[in-house]
Amino acid sequence: MSAQLQFRDVTLGYDRHPAVHHLSGAIEAGALLAVVGPNGAGKSTLFKGIAGAIPLLGGSIERGGLAARDIAYLPQIAEIDRSFPISVYDMVAMGLWQRTGLFGGIGAADRQRIRDAMSAVGLTGFEQRAIGTLSGGQMQRMLFARLLLQDARTILLDEPFNAIDARTAGDLLALVQRWHGEKRTVLAALHDMEVVRAHFPQALLLAREPVAWGATGEVLTPQNLLKARQMCEAFDDAAHACAVAD
Amino acid sequence: MHEHVHAHVHELSELWTDAALRQSLAAVLILALSAAPVGVFLMLRRMSLVGDAMSHAILPGAAVGYLVSGLNVFAMTLGGLVAGLVIAVLAGLVARATEVKEDASLAVFLLASLALGVVIVTTHGMDAEELMHFLFGETAASIDHNKLIIIAVNATVSIVALALIYRPLVLDCVDPNFLRSVSCAGAAAHLTFLVLLVINLVSGFHALGTLLGVGIMIIPAVIARFWTRDITVMIVIAVVAAALSGIAGVLLSHAAGVPAGAGVILAAAVFYAISIVAGPVGGLIWRAVPRRHLEA
């Protein structure tokens, strides 16, 4: 299997402070990887780096020939203006952006795909609803429908099941499994270790620096989790430039 | 009966014989078509007051045009466009490149621009009366042939450009992070939108005066918000509201001998008041009338 994502001594952060420090390794094409770690461990930062939303402070990320734009990315806090007067249908249809671009029309085949995506997330009948009328769980279903239409080979999900009830999480997890079955590469940042153990064959335990990476059972040991909790310290404003050679 | 009809025909025919009135009506109708959709996006981007501020920012440029070539419509248009565009683009770029928010960035540039305008105007000896006319418009906004052409050209550019950037503009409002993750069109769409704002402000300045011109952009958009929850319908309603306000306002100002800008904005304000009370989306009547909740 070829590497879909290759990290070479990647450092990511803000104002020169590292939030992900010296990460090296590869993620195979078709992998289903859970990224776990305490709050502030750098999970979101790593995803932003992979999606090209923030610049690297050091090292390099190879995306297996994909542009950062070809990677579908669901942020933890989608900064969606819920008061905006747009329908659920139009919002889902935005997932076709890569195909339609600025001016491309949406044909009969595309409309069928939009219907299929909405049905897959259980939102059939919500087409003409304004997005502001959706509940938190329905909103997340809508965003997953949009992800379905993006049809990306690599998908990043940043804490996709937060504040969502078990039934919705279960439905969305089934979509993640479907993507895995379609040999797509899926990375998900998660806090629920039961979900990780049950559904994710691989895990990366992150605490600014990678603590453990590999088969989930070997990564999520009590020793590793304890180590991760202890490694997360705050930014030090007086920190010196990192001495590790790039 | 026959004479009664005849009198009406005579009144109506005045619309076709009075050139100034006819041109004023044409101007506000064209302005409604181009400015109201821009106003809808201003409102949805929570930039209504930014539009207001930008209308002041074009003043120094128009003042320079005025000082260079007197009351030449084209020189004042060019000056206003250049000043507005420089400020809009600089403020937009600073907001995108730094952590300063757009409104704060615009406020700084706008104040600097106004200060520069004051320096230009005072050092070149514009007298107080001229300045008052310039800032608040003349007693009756007279739309001559040249102004009408400028307004029409601006509207054509504005409508075509808005159609081109419509999709990224909507997405940049509702989910900017997603747009950034799939396309780099967001920044270009935003800057283009600021350009359209300036273009329409210059048109509004010619048709309705400097301080009130921005009203035909913003008030119809806020009116439309009371009538629909769909962006497409909202734009149509805003255009209709702007056109009705424009026609009513111009006829009112013609009959009462007051400035057209004041007439149009007061007419729009009346429609706004009606919308607050009767609009189906959040109107007061619907809140006051107790209706039983639905089954599902």
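Residues numbered from 1 in each chain as written. Chains lettered and ligands numbered in written order. Predicted model: local features only at pLDDT ≥ 70, side-chain atom pairs only at ≥ 80, totals over all residues. Heavy atoms only, no water.

Moving on: the overall build of chain B. Assigned secondary structure in chain B consists of 14 helices and zero strands. Each helix and strand of chain B, placed in order from N terminus to C terminus, yields the pattern α-α-α-α-α-α-α-α-α-α-α-α-α-α. Taking all contacts inside chain B whose residues are at least 6 apart in sequence as the whole, residues at least 24 apart take part in 75%. Counting only carbon and sulfur atoms, one obtains 72% of the accessible surface of chain B, whose full area is about 14,400 Å². (Helix = DSSP H or I, 4+ residues; strand = E, 2+ residues; numbered from the N terminus. Contact = heavy atoms within 4.5 Å. Areas by Shrake-Rupley, 256 points an atom, 1.4 Å probe, with all protein chains shown as cover.)

Along its length, chain A carries nine helices and nine strands. On C-alpha atoms alone, chain A measures out to a radius of gyration of 19 Å, which is about the 18 Å that the 2.2 N^0.38 rule sets for 246 residues. In terms of overall dimensions, chain A has a C-alpha envelope of 55 × 40 × 35 Å along the principal axes. Expressed as a percentage of its 246 residues, the buried residues of chain A come to 51%. Accessible surface for chain A amounts to roughly 11,300 Å². Of this, 51% is attributable to carbon and sulfur atoms. Distance from the positive charge centre (23 side chains) to the negative charge centre (25 side chains) of chain A: 5 Å. (Rg over C-alpha atoms; globule rule 2.2 N^0.38 Å. Buried < 20%, exposed > 50% of the residue type's maximum accessible area, 1.4 Å probe, protein only. Lys, Arg positive; Asp, Glu negative; His and termini not counted. Charge placed at Lys NZ, Arg CZ, Asp CG, Glu CD.)

With that settled, the discussion passes to the sheet that holds strand β4 (residues 58-62) of chain A. Residue and element names in this part refer to chain A. Read across the sheet, three strands follow the order β2-β1-β4 without closing on themselves; strand pairing throughout is antiparallel. Both outer strands of the open sheet, β2 (17-28) and β4, are each paired with one neighbouring strand and no more. Across the sheet, the mean angle separating the axes of adjacent strands is 15° when strand polarity is ignored. Sheet contacts for helix α1 (residues 43-50): β1 (3-14), β2 and β4; angle to β1, the most-contacted strand, approximately 120°. (Pairing = 2+ DSSP bridges. Axes fitted to C-alpha atoms, helices over the stretch in contact; angles between N-to-C directions.)

As a further point, take the nonpolar core. In this structure, M142(A), F144(A), L157(A), F200(A) and M54(B) are the most contacted members of the largest nonpolar core, which totals 131 residues. Ranked by residues supplied to this core, first place goes to helix α2 (residues 19-44) of chain B with 14 residues. Residues L5(A), A31(A), A51(A) and Y73(A) belong to the second largest nonpolar core, which totals 23 residues. (Core = buried A, V, L, I, M, F, W, Y, C linked by side-chain atoms within 4.5 Å.)

A word on the sheet that holds strand β5 (residues 71-74) of chain A. All names here are of chain A. Reading across the sheet, the six strands line up as β5-β6-β7-β3-β8-β9 and stay open at both edges, with mixed pairing between neighbours. Single-partner strands in this sheet number two, and they are β5 and β9 (209-215). Across the sheet, the mean angle separating the axes of adjacent strands is 15° when strand polarity is ignored. Bridging between strand β6 (residues 154-158) and strand β7 (residues 185-189) involves five bridges; their strand directions are parallel. In the sheet register, L156 faces β7, and the bridge partner there is L187. Strand contacts of helix α5 (residues 136-150): β5 and β6, with the helix running at about 175° to β5, the strand carrying the most contacts.

Now for the packing of helix α5 (residues 73-97) of chain B against helix α6 (residues 102-123) of chain B. Residues and elements named next belong to chain B. In the contact formed by α5 and α6, the axes pass within 8 Å of each other and the chain directions differ by 145°. As α5 runs across α6, the sense of the crossing is right-handed. In this structure, α5 contributes I87, L90, A91, G92, V94 and A95 to the contact, and α6 contributes E102, S105, L106, F109, L110 and S113. Taken together, the residues that form the contact of α5 with α6 break down as eight nonpolar, three polar and one charged. (Left-handed = near helix turned anticlockwise from the far one by under 90°. Nonpolar A, V, L, I, M, F, W, Y, C, P; charged D, E, K, R; others polar.)

On to a nonpolar patch on the surface. Residue and element names in this part refer to chain B. Taken together, the side chains of V277, L284, I285, W286 and V289 make up a nonpolar region of the molecular surface, amounting to roughly 410 Å² of accessible area. Ranked by residue count, the leading element in the nonpolar patch is helix α14 (residues 284-288), at three residues. Within the secondary structure, L284 is located in helix α14. (Patch = residues over 30% accessible without salt bridge, like charges linked within 9 Å, V, L, I, M, F, W, Y side chains within 5 Å. Salt bridge = Lys/Arg side-chain N within 4 Å of Asp/Glu carboxyl O.)

Further remarks concern the pairing of β5(A). Consecutive residues of a regular strand have side chains that alternate between opposite faces of the sheet. Residues and elements named next belong to chain A. Neither face of β5 is open: one carries I71 and Y73, the other A72 and L74, and all of them are buried. In terms of strand pairing, β5 meets β6 through four bridges, oriented parallel. Directly across from I71, in β6, lies its bridge partner T154.

A full pass over the atoms with the stated rule returns five aromatic pairs over all chains. Judged by centre distance (5.8 Å) and plane angle (85°), the rings of F41(B) and Y166(B) are edge-to-face. Of this pair, F41(B) sits in helix α2 while Y166(B) sits in helix α8 (residues 145-174); the two residues are 125 residues apart in sequence, bridging distant segments of the chain. Relative accessible area serves as the criterion here: at 0%, F41(B) is assigned to the buried category. By the ring-pair criterion, three or more aromatic residues cluster together here, those being F41(B), Y166(B) and F193(B). For the cation-ring pair, R146(A) lies above F178(B), with the distance from its terminal atom to the ring centre recorded as 3.6 Å. The side chain of R45(B) reaches across the aromatic face of F193(B), ending 5.5 Å from its centre. (Phe/Tyr/Trp six-rings, centres within 6.5 Å; stacked < 30°, edge-to-face > 60°. Lys NZ or Arg CZ within 6 Å of the ring centre and 35° of its normal.)

With that out of the way, let us pick up the side chain of S34(B). Note that S34(B) resides in helix α2. Excluding residues within four positions of it along the chain, S34(B) makes contact with A155(B), S158(B), I159(B) and N200(B).

Okay, the confidence of the model for chain B next. Residue and element names in this part refer to chain B. Here chain B averages 84 in pLDDT, while 88% of its residues score no lower than 70. The weakest mean pLDDT in chain B belongs to helix α1 (residues 2-17) at 58; the strongest belongs to helix α11 (residues 215-225) at 95. Scored by ipTM, the complex comes to 0.82, with pTM at 0.83. (pLDDT = per-residue confidence, 0-100.)

Before going further, it helps to spend a moment on the pattern of salt bridges. All names here are of chain A. Throughout the structure, instances matching the rule amount to eleven salt bridges over all chains. When the shortest N-O distance is used, the salt bridge between E182 and R178 registers 3.5 Å. Residue class for E182 comes out partly exposed when judged on its relative accessible area of 31%. Taking relative accessible area as the criterion, R178 reaches 40% and is therefore assigned partly exposed. The structure contains a network of salt bridges with shared partners spanning D151, R178, E182 and R184.

This part is about the pairing of β9(A). Residues and elements named next belong to chain A. Sheet analysis places strand β8 (residues 202-207) next to β9, joined by six bridges and oriented antiparallel. In the sheet register, A203 faces β9, and the bridge partner there is G214. Hairpin remark: β8 followed by β9, antiparallel, with one residue in the connecting loop; positive phi at R208, about 70°.

By secondary structure assignment, the location of A163(B) is in helix α8. Taking relative accessible area as the criterion, A163(B) reaches 54% and is therefore assigned exposed.

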